[in-house]
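# Close look at the chain arrangement
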Amino acid sequence: MKDSNFLKEMNARHLWHPMAHPADMQAHPPTIITEAHGVRIVDIDGHEVVDGVGGLWNVNLGFSCEPIIAAISAQLHRLPYYSAFRGTTNDVLIECAEALHAFFAPDGLTRSFFTSGGGDSVETALRLARQYHKLRGQEGRTKFLSLKKGYHGTHFGAASVNGNANFRTAYEPLLPGCFHTPAPYTYRNPFNETGPEKLAQLCLQAIEDEIAFQGAKTIAAFIMEPVLGAGGVIPPHHSFMPGVRDICDRHGILLIADEVITAFGRTGDWTGSRHWGVKPDMMTTAKAITNGYFPFGAVMIADKVAEVFENDTTGAASIGHGYTYSGHPVGAAAAVACLAETERLDVATNAGERGRQLYQGLQALAAKYDIVGDVRGGHGLMCAMELVSDRAAKTPIDKASIAALQEETYKAGAMVRVSGNNVIMSPPLVLTAADVDIILGALDKGFAAI
Ligand SMILES: Cc1ncc(COP(=O)(O)O)c(C=O)c1O
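Rules used throughout
- Residues numbered from 1 in each chain as written.
- Predicted model: local features only at pLDDT ≥ 70, side-chain atom pairs only at ≥ 80, totals over all residues.
- Heavy atoms only, no water.
- Domains from an automatic or database assignment.
- Contact = heavy atoms within 4.5 Å.
- Buried area = accessible area lost by both parts, 1.4 Å probe.
- Pairing = 2+ DSSP bridges.
- Helix = DSSP H or I, 4+ residues; strand = E, 2+ residues; numbered from the N terminus.
- Axes fitted to C-alpha atoms, helices over the stretch in contact; angles between N-to-C directions.
- Parallel < 35°, antiparallel > 145°, perpendicular 65-115°, else oblique.
- Left-handed = near helix turned anticlockwise from the far one by under 90°.
- Nonpolar A, V, L, I, M, F, W, Y, C, P; charged D, E, K, R; others polar.
- Polar contact = N/O pair within 3.5 Å; in protein donor to acceptor, adjacent residues only side chain to side chain.
- Phe/Tyr/Trp six-rings, centres within 6.5 Å; stacked < 30°, edge-to-face > 60°.
- Buried < 20%, exposed > 50% of the residue type's maximum accessible area, 1.4 Å probe, protein only.
- Near = heavy atom within 4 Å.
- Areas by Shrake-Rupley, 256 points an atom, 1.4 Å probe, with all protein chains shown as cover.

Moving on: the domain arrangement of the protein. According to the domain assignment, the protein consists of domain 1 (31-61 + 346-449) and domain 2 (67-344). If you average the C-alpha positions of domain 1 and of domain 2, the two centres end up 27 Å apart. Listed per partner, the contact involves 33 residues of domain 1 and 34 residues of domain 2. A combined buried area of about 2,600 Å² lies between domain 1 and domain 2, and 56% of that area is made up of carbon and sulfur atoms. If you sort the residues of domain 1 by the area they bury against domain 2, Trp57, His379 and Met382 come out on top, with a joint share of 26%.

In structure tokens form, the structure reads like this:
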């Protein structure tokens, strides 16, 4: 392997990274990860840490999941690619759709449309929502509603429903007809409401108000994450998502659950929607569907939506949308093996237990260090700490300090993610109690160091 400094120099010269300033690579070269096993990653200097990020919310089963590796390898030898556009399919893809059907049956989702990632899944769901209404003669239903702080990817469609200016401003104008309502984010919200239940009611009312303002008959779908992830891990009160379901039903609006992060056990339940007792009309998935080993995703579709398409006799339900890699056989093979392992290891139960341990540990750190303004979690293995320089004023901590915390935590044995003034944790769902202690201990050392 090439020398670390040489690689960093080449990285700065020839590589642009997502969500990074290209000119920053020289001053702050990224860590070069060269190996991973179990729940640990190893960098080019041989430093090994517990991965508190789980790749990017996707490596739920850790880095050494042999059944998935074997399934990918065997599939590459047997049928490395064939198209799933009209006219052909492949055996493992059908097997995958069957497995997903069984997995998502309790969510009322019965059909799959395959994609190559989360943003693709969101784009697909938004398009299918518009087409669904057109098929029912409601051509006027074209708008989308979503939550501020929500994250749905960076395709133009996805970015348009994103609720964070960082992913929007440089690329505007985005898709017209997308509107955002306040997130049930107790730490900061326009109502200055800190009670989760009261805030949920206020946020639901804001949705009602926006629908009344736009006109219900102009709205195609509401898209939301059951627990907001990239926006800083924002779990709503348990009444919120059922409340959104109810509003959507009363106004003929489709509910799309964006479960690119939350599906497959992360919340401590098999899906985030199930966690809140909600059946969405469509669900977007990706990431942990293959444990991050292959770029793959699926939009899961409920009968109510599917039947409108399948009963069409005019030809208008033909789906003019899809990707070269929609239904990739290697992705499908990875997903089939991944799903079997996900269930066999019962990772949702471990996510619930280890999630509680992590959340309690973070609360203890908040009691020790004043710069922790808020700790969020309590729903599986997705937690965040929001850092502030002044607790009373809730002033977000400066970039340099949070970067220093991340670096010191890494030196002390754990990789955590920084997003704005949030430290985010989404480790593999198979980590042990001892691994959680390592993350907490490393953070403690990180805080002490800064
Ligand atoms: C909820 C949610 N939706 C969509 C996406 C976009 O997925 P991708 O990056 O695979 O396009 C993400 C990515 O983190 C996500 O968290």
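Now, onward.
What follows concerns the sheet that holds strand S10 (residues 297-302). Where strands meet in a sheet, backbone hydrogen bonds hold them as pairs that are either parallel or antiparallel. Pairing in this open sheet of seven strands is mixed, and the strands run S4-S10-S9-S8-S7-S5-S6 from one edge to the other. The two strands at the open ends of the sheet, each matched to only one other strand, are strand S4 (109-115) and strand S6 (178-181). Geometrically, the sheet is characterised by an average inter-axis angle of 20° between neighbouring strands, direction not taken into account. Of the pairings in the sheet, the one linking strand S7 (residues 219-224) to strand S8 (residues 254-258) comprises four bridges and is parallel in character. Bridge assignment links Phe222 to a residue of S8, and that residue is Leu255. This element, helix H5 (residues 91-104), spans S4, strand S9 (282-285) and S10 of the sheet and lies at about 135° to S4.

The axes of two packed helices give the description: the angle between them and the distance between them. Axis separation between helix H13 (residues 347-368) and helix H15 (residues 433-449) bottoms out at 10 Å; the angle between their running directions is 20°. The pairing of H13 with H15 is recorded here as roughly parallel in orientation. Relative to H15, H13 is oriented so that their crossing is right-handed. Seen from H13, the contacting residues are Arg354, Gln357, Leu358, Gly361, Leu362, Leu365 and Lys368; seen from H15, they are Ala433, Val436, Asp437, Ile439, Leu440, Leu443, Asp444 and Phe447. In terms of residue class, the contact of H13 with H15 is made up of nine nonpolar, two polar and four charged.

Quick look at unusual backbone geometry now. The omega angle of the peptide bond from Glu172 to Pro173 is 5°, so this bond is cis rather than trans. The phi dihedral of Asp346 falls on the positive side, at around 45°, and the residue is not glycine. Along the chain, Asp346 turns up in the loop between helix H12 (329-344) and H13.

Okay, the environment of Ser326 next. Here Ser326 is to be found in the loop between helix H11 (303-310) and H12. If sequence neighbours within four positions are ignored, Ser326 has contacts with Ala84, Phe113, Phe114 and Thr115. Within the local environment of Ser326, its side chain forms a polar contact with the backbone oxygen of Phe114, the two atoms lying 2.8 Å apart.

What follows concerns the sheet that holds strand S1 (residues 33-37). An order of S1-S2-S3-S14 is seen for the four strands of this open sheet, with the pairing classed as mixed. This sheet does not close on itself; its edge strands, each paired only once, are S1 and strand S14 (414-415). Direction of pairing for S1 relative to strand S2 (residues 40-43): antiparallel, over a ladder of four bridges. Bridge pairing links His37 to Arg40 in S2. Across the sheet, H15 touches S2, strand S3 (48-51) and S14, and the angle it forms with S3 is around 105°.

Below, the discussion takes up the packing of aromatic side chains. How two aromatic rings sit relative to each other is set out by the distance from centre to centre and by the angle between their planes. Scanning the entire structure with this criterion turns up eight aromatic pairs. Ring centres of Phe103 and Phe264 lie 5.3 Å apart, and the angle between their planes is 35°; on these two criteria the pair is classed as tilted. Here Phe103, found in helix H5, pairs with Phe264, found in the loop between S8 and helix H10 (272-275); they are 161 residues apart in sequence, far enough to count as distant. With a centroid separation of 5.7 Å and an interplanar angle of 70°, the aromatic rings of Phe103 and Trp270 are classed as edge-to-face. In this pair, Phe103 is assigned in helix H5 and Trp270 in the loop between S8 and H10, connecting sequence segments 167 residues apart. Accessibility assignment for this pair places Phe103 and Trp270 in one class, buried. Clustering of aromatic rings is evident, with ring pairs tying together Phe103, Phe104, Phe264 and Trp270.

Moving on to the site of the ligand. Around the ligand, the structure places Gly117, Gly118, Gly119, Tyr151, His152, Gly153, Glu225, Asp258, Val260, Ile261 and Lys287. One nitrogen or oxygen atom from the main chain of Gly118 is found 2.8 Å from an oxygen atom belonging to the ligand. Between the ligand and the protein, one listed contact pairs a nitrogen atom with a side-chain N or O atom of Asp258 at 2.7 Å. In isolation the ligand has 390 Å² of accessible area, and contact with the protein removes 81% of it. Of the residues contributing to the shell around the ligand, the split by class is three nonpolar, five polar and three charged.

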